[in-house]
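Residue-level structural notes
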Amino acid sequence: MAAETGTPTTLTLKSNDDELFSVAESAAILSVTIRNMVEDGCAGGVIPLDNVDGKTLASVITYMNGISAIPADEEKKKSYRDKFLSDKDFETLADMVLAANYLNMSCLMDAVSAKIAQVMEKKSVGWVRRKFGIENDYTPEEEAAVKEEHKWTFEGVETDDDN
Amino acid sequence: MTKNVEFLKYEGPNLPKDILQRILYFLSQEDVVRTSVLSKSWHYTWCTRPNLDFLDTTFKDETFKGNKQKFLSVVDNTLQRYCDQRLRVEEFHLCISLDNSDQKSDALHLEKWIQTLADMCTKKFRLSIRTGSSPGFVRFPPVVFGAESVLEDLHVEDFYLDQKAIERIVPFKHLRSLRLERVCIDDEIFETIISNCPSIETLVVHKCKRLKTIKVSRLHNLKDFFFREYAITRGEELCRIEFHPTSLETIDIRYGNLWFHKGAEFRNLNDLSLGDVELSLDNLSSCKFPSLEYLKFSGCPGLKGITVFIDAPNILRFEYEGNFIPSISFATTTSGEWDSEIHISYRLSEVTSSWFLELHELLKSLSQSEISLNINQYPMDDEHIIQENINLVQDNGCNKLVVVERLRVRCHLSSFSFVLNGALSICRPRNIGDYYLYSYSTLESDMKVIECLWKILMERENGNEDEFAQLLFRDLDEVSLEICVRDRDLWHATTLSELPNYRLQRGHHNTRFALKWRET
């Protein structure tokens, strides 16, 4: 992508798979990490973001541009975030929460965390283990005991073969 | 079964612990407790979550009673464990229902928890407490107001708040939000509670019985006030509401009598919405609203018979809904563009011959704004009154026609052209619409209106014998029928014969007639 000429300052961001993105500085500094780099004088060249891949970075930039175009109206920003995250699957959300954490964008971080929590609602133990890649280190007896202890939390929860 | 899981391990993302904690923060208590079954490390992770969120409705199946005991013991044990392990509880949210039968033991639990949270220096304590019985039947337990606490948010539903409930009341320095719903409460009790909660920012009073006066002079932090009453019971006077106005940002009142002090300055008020206020709003004219952006009146008898001037130089949107035409004018605005939306519903039997003249006056005073005018006429019984109205408009030399962005007329088809003529004798609409075109055929009426308008507007030059109509349309240069899919603001021209095709398509279509008038 060619850097825009003219009034607004444009930054070039580089993902860990070497994709280049140009984005208006005013939108990019929603990320405290990027803002610090700009303040430290990195803005002239390319800003390398070693922990974010191109696909995720593209998505984060869409968000940056979208949210910074909305004036100071918390309700509108919230509904933009809801809409932005509505069609993302679990894997994308997980990538985004890592990126938001690395880029230090607290609003996006909270919004994605809340969205992941919403997706986890009433999901079976097996589903959560698979999605988060959790190794079950309980013995069957231990697991049964924990389950029995918190029996009330299994009301109306989805079941699957793992349970 | 464990084999299967082991086979799938390490498939997912490796989320660091602080991110997991953040995700867990947003889970409900039952969802977060269930994560303890995932693995040993997860068991530890949820155990230290700094926010606790207990809703007794989670336990409300099978036999309610048994589950209530289970609920109490889960809350009890969890809090005890946090205490024992010296863990922080930064936020505590409890939603609980109390009834007469088991109130004593429940209240004891509540008292213990409140004490524990105070000892732990919990920062945010939100309590939602209600009864399963009819409103006003169960007395509110004195324990809530009787103990020094870190309560920040209190929501009470359906209780009877009597003298006993507040006999041990202590100051609630932290309470920021108080919400009373269907609570039976006398003026003095309300006054006592309010005067002990100086930090309240949000006050919600919905459908409370016996409350006759709300006088708030000491809540210097009050920002948002919401009031709703049951629809007026005939003969009963509405609750009278008085404020110290400076800190207020939002006032939303329905069926309450807000009293404006003469000359009051609502320095921070952004949003004022008044519904069914009966008390005369005469003093509004002397008040100042330097920050007001949104103003709405709906069905306010208090506007009848008076002329109101609104000093709100930063207004962005004004809405009026009612069955009479108010006399309202605005100070010159500095905010540039602003909108006004007028909805007038009327019965012809109540209409006087100066109705359109009054409407013209209102439109003139709003002519700085982009006006949407909606006229809804209830079933028709008398047509000559419209003609009288139009005659009066003509006789008064009403030649300054006000530009209206959108005009929408809803009435019986037989009187449509009369009402339209009336409206066109006082204003110049840029658009007449929006009439919806549904893909299903249950709502035919809008289609009929479109056909009727087409006939009036498009065929106006073909043998129209009506001299008056010819006069109205004299300056009308161009008319086009336009259509757009709802929620998308792209209009394009169409014709009457094309409309049936749109109705076969999915989605709701909006139609309007765009009018271009010659400058006069």
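Note that the coordinates shown come from a computational prediction; the quantities given were computed from them, not determined experimentally.

How each quantity is defined
Residues numbered from 1 in each chain as written. Chains lettered and ligands numbered in written order. Predicted model: local features only at pLDDT ≥ 70, side-chain atom pairs only at ≥ 80, totals over all residues. Helix = DSSP H or I, 4+ residues; strand = E, 2+ residues; numbered from the N terminus. Rg over C-alpha atoms; globule rule 2.2 N^0.38 Å. Buried ≥ 20, exposed ≤ 12 C-beta atoms within 10 Å, placed from the backbone. Contact = placed C-beta atoms within 7 Å. Nonpolar A, V, L, I, M, F, W, Y, C, P; charged D, E, K, R; others polar. Core = buried A, V, L, I, M, F, W, Y, C linked by C-beta atoms within 7 Å. Axes fitted to C-alpha atoms, helices over the stretch in contact; angles between N-to-C directions. Parallel < 35°, antiparallel > 145°, perpendicular 65-115°, else oblique. Left-handed = near helix turned anticlockwise from the far one by under 90°. Pairing = 2+ DSSP bridges. pLDDT = per-residue confidence, 0-100. Expected span 1.5 Å × (residues − 1).

Time to look at the overall build of chain A. If you tally the helices and strands in chain A, you get 8 helices and 3 strands. Listing every helix and strand of chain A by position from the N terminus yields β-β-α-α-β-α-α-α-α-α-α. Taking 2.2 N^0.38 as the reference for a compact globule, 163 residues should give roughly 15 Å; the C-alpha atoms of chain A span a radius of gyration of 20 Å, well beyond that estimate. Over its C-alpha atoms, taken along the principal directions, chain A stretches across nearly 65 × 35 × 25 Å. Going through the 163 residues of chain A one by one, you find that 29% of them count as buried. A fraction of 59% describes how many contacts in chain A between residues 6 or more apart in sequence connect residues 24 or more apart.

Turning our eyes to something else, we now look at the interface of chain B and chain A. Tallying the contact residues gives 35 residues for chain B and 35 residues for chain A. If you list the elements that add at least two residues to the side of chain B that touches chain A, you get α1 (2-7), α2 (17-25), α3 (29-34), α4 (40-47) and α5 (64-84) of chain B. Class assignment of the residues belonging to the side of chain B that touches chain A gives a composition of 17 nonpolar, 8 polar and 10 charged.

Of all hydrophobic cores here, the largest spans 119 residues; its most connected members are B:Leu161, B:Ile185, B:Leu363 and B:Ala423. Those residues in contact with B:Leu363 that lie beyond four places of it in its chain are B:Ile371, B:Val402, B:Val404, B:Ile426 and B:Cys427. Core analysis: the second largest hydrophobic core is formed by 44 residues, A:Leu30, A:Met105, A:Val128 and B:Ile23 among them.

All names here are of chain A. Contact pair helix α3 (residues 54-68) / helix α4 (residues 74-86): the axes reach a minimum separation of 10 Å and the direction vectors enclose 155 degrees. As summarised for this structure, α3 and α4 are arranged roughly antiparallel, according to the angle between their axes. Seen from above, α3 lies across α4 with right-handed handedness. Residue-level contacts link Tyr63, Gly66 and Ile67 of α3 to Lys77, Tyr80 and Phe84 of α4. Looking at the contact of α3 with α4 residue by residue, the class counts come to 4 nonpolar, 1 polar and 1 charged.

This paragraph deals with the environment of B:Ser291. Here B:Ser291 shows up in the loop between β15 (271-275) and β16 (294-298). Sequence separation between B:Ser291 and B:Ile315 is 24 residues, and the spatial gap between their C-alpha atoms is 7.8 Å.

Residue and element names in this part refer to chain B. Spatially, the 3 strands line up as an open sheet ordered β10-β12-β14, and their pairing is parallel. Of all strands in the sheet, those bounded by a partner on one side alone are β10 (213-216) and β14 (257-258). Bridge count for strand β12 (residues 240-243) against β14 is 2 bridges, and the pairing is parallel. Across the sheet, the residue bridging to Ile241 is Leu258, located in β14.

All right, on to the confidence of the model for chain A then. Residue-level pLDDT values for chain A average 86, and 91% of them are 70 or greater. Here residues 1-6 of chain A scores under 50 on pLDDT; set against residues more than four positions off or in separate chains, the count is 8 contacts.

Next up on the list: helix α5 (residues 90-103) of chain A. Note that an α-helix has 3.6 residues per turn; residues three or four places apart therefore point the same way. Across its 14 residues, α5(A) extends 20 Å between first and last C-alpha, which sits within 8% of the 20 Å expected from 1.5 Å per residue. Burial analysis of α5(A) places 10 of its 14 residues in the buried class, which makes it a mostly covered element. Tucked inside the fold, the buried residues of α5(A) contact α2 (32-39), α3 and α6 (106-120) of chain A together with α2 of chain B. Positive backbone phi, at 55 degrees, marks A:Asn104, one or two positions downstream of α5(A).

All names here are of chain B. Here we have 3 strands laid out as an open sheet, ordered β4-β6-β8, and parallel in their pairing. With one partner strand each, in any of the chains shown, β4 (138-139) and β8 (184-185) form the two edges of the open sheet. Where strand β6 (residues 159-161) and β8 come together, 2 bridges link them in parallel fashion. Across the sheet, Leu161 pairs through a bridge with Ile185, a residue of β8.

Our focus in this paragraph is the pairing of strand β2 (residues 20-24) of chain A. On a regular strand, one side chain projects to one face of the sheet and the next to the other, so that they alternate. Residues and elements named next belong to chain A. Pairing between strand β1 (residues 10-14) and β2: 5 bridges, direction antiparallel. Pairing of Lys14 across the sheet is with Leu20, part of β2. Hairpin geometry of β1 and β2 is characterised by an intervening segment of 5 residues between the two adjacent antiparallel strands and by a positive phi of about 65 degrees at Asp18.

Let us look at unusual backbone geometry. Although it is not a glycine, A:Asp18 adopts a positive phi angle of roughly 65 degrees. With respect to the secondary-structure elements, A:Asp18 resides in the loop between β1 and β2. Judged by local crowding, A:Asp18 falls into the exposed class, with 8 C-beta atoms found within 10 Å. Phi is positive for B:Arg86, close to 55 degrees, though the residue is something other than glycine. As for its position among the elements, B:Arg86 is in the loop between α5 and β2 (91-97). By the C-beta count within 10 Å, which is 7 here, B:Arg86 ends up exposed.

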